[in-house]
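The residues making up each chain are set out below.
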Amino acid sequence: MDACIIIPARYASTRYPGKPLATLTGASGTARSLIERSVMAARAASQGQIPIYVATDDDRIAAEAGRIGADVIMTSESCRNGTERVAEAVAKAGITAEIVVNLQGDAPLTPAHFVTALIAAMRADASCTMATPCLRCDAETVKNLLADRQAGRVGATTVVSDHAGRALYFSKEVIPFTNGKGVVDGIVPVFHHVGVYAYRPAALAAYSSWQPGPLETLEGLEQLRFLENGHPIRMVEVSAPGAVFWELNNPSDVPLIEGYLARMGWE
C-alpha cells in the first residue's frame, strides 16, 4: 500500500457546527449527509485500490460513517485542524502508506481526478513532500467569490504560485487583486485552491511539531503553517470542464452546492 485517503471531520466547526452531518440533496432528490458525500468522493477516486478512513473525535460522525460502511479512526478533540487530525490518525492507526491524502470533509464536489492527479504527482517526484491542487476559476466562480467577501462571508480559498508551481500564498481574500473583475486582459487570473492535500509521512510529522504562526491564525488556513516554516507546497493544476467546485463553508452554501449537484447529475 503506497497511498491512503483520510477524511478529517469534526462536529464543532466554528462557522457551521455539525457540518459533517448536514444534508445535501442530489439530482435524484436523495438527501445524503456531507460526510457520506465526502466518502463517496473518496471512493470514486480510490476505485477500491486505496484504503479510506474517516478521522473524527465525535461519536455522531463516527456512527454516520459506520452506517455507510466507512472505516473510522477516533482522534482527540485537541486537533486544531484537518492536517493535525490526519497526522494523529496516521500515528494512532500505525498507517505506513508513503502518500497520505487528506480529503477535506467539506468538499463533496471534488472530482476523482483531483485526488488521482495529486497521487500521480507525488509518485512521479520523490522529492515532492506535499502537494495540493488548484483550479483556474471561471468568471462565474470569481463572481461568487467576490460576492461572498462583499457580503462579509468567509468563503473559498485562492492561491498564487511562482513560476515553478510552488505556492507563494493562500488567502480567504480573492487574490490576486482584480478590481472586482472576473476577466482581466482576456484571462481569469484567479486560482481556486482545492482543499485536498497529499503528504509524505515526514511532512506530516514536521507539521505536528510546529506551532501555528500569525498568518495561519489570521487567515484560518492550516496549509500556511507549511509556508511559514519554509516548507514548499507543490501546486498541481487541475481542470474540471463542465463542473463547478465549491466547498461547504457556511449554511448559505447548501443551496448553491445542491444546485451544482443537480446541474452535474450527481445523485
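This text goes with the structure placed above it.
Residues numbered from 1 in each chain as written. Predicted model: local features only at pLDDT ≥ 70, side-chain atom pairs only at ≥ 80, totals over all residues. Heavy atoms only, no water.

Chemist: Can you help me understand the packing of aromatic side chains in this one?
Modeler: How two aromatic rings sit relative to each other is set out by the distance from centre to centre and by the angle between their planes. Taken as a whole and assessed by the stated rule, the structure comprises four aromatic pairs. An angle of 90° between the planes, with centres 5.9 Å apart, marks the rings of tryptophan 210 and phenylalanine 226 as edge-to-face. You can see tryptophan 210 sitting in the loop between α6 (201-209) and α7 (214-219) and its partner phenylalanine 226 sitting in helix α8 (residues 224-228), a full 16 residues away along the chain. The exposure class of tryptophan 210 is buried, given its relative accessible area of 18%. An aromatic cluster is present here, built from Tyr197, Tyr199, Tyr207, Trp210 and Phe226 joined pairwise through their rings. Residue placement shows arginine 60 over the ring face of tyrosine 11; its charged tip is 3.6 Å from the ring centre. (Phe/Tyr/Trp six-rings, centres within 6.5 Å; stacked < 30°, edge-to-face > 60°. Helix = DSSP H or I, 4+ residues; strand = E, 2+ residues; numbered from the N terminus. Buried < 20%, exposed > 50% of the residue type's maximum accessible area, 1.4 Å probe, protein only. Lys NZ or Arg CZ within 6 Å of the ring centre and 35° of its normal.)

Chemist: Sorry if this is basic, but what is going on with the nonpolar core here?
Modeler: The nonpolar side chains of soluble globular proteins are, as a tendency, buried together. Ile5, Ile7, Val101, Leu103 and Val115 are the most contacted members of the largest nonpolar core, which totals 34 residues. Looking at this core, the element that brings in the most residues is helix α4 (residues 112-124), giving six residues. If sequence neighbours within four positions are ignored, leucine 103 has contacts with Ile5, Ile6, Ile7, Pro8, Ser38, Ala41, Ala42, Thr110, Val115, Gly195 and Val196. In this structure, Ala87, Ala97, Tyr197 and Leu204 belong to the second largest nonpolar core, which totals 29 residues. (Core = buried A, V, L, I, M, F, W, Y, C linked by side-chain atoms within 4.5 Å. Contact = heavy atoms within 4.5 Å.)

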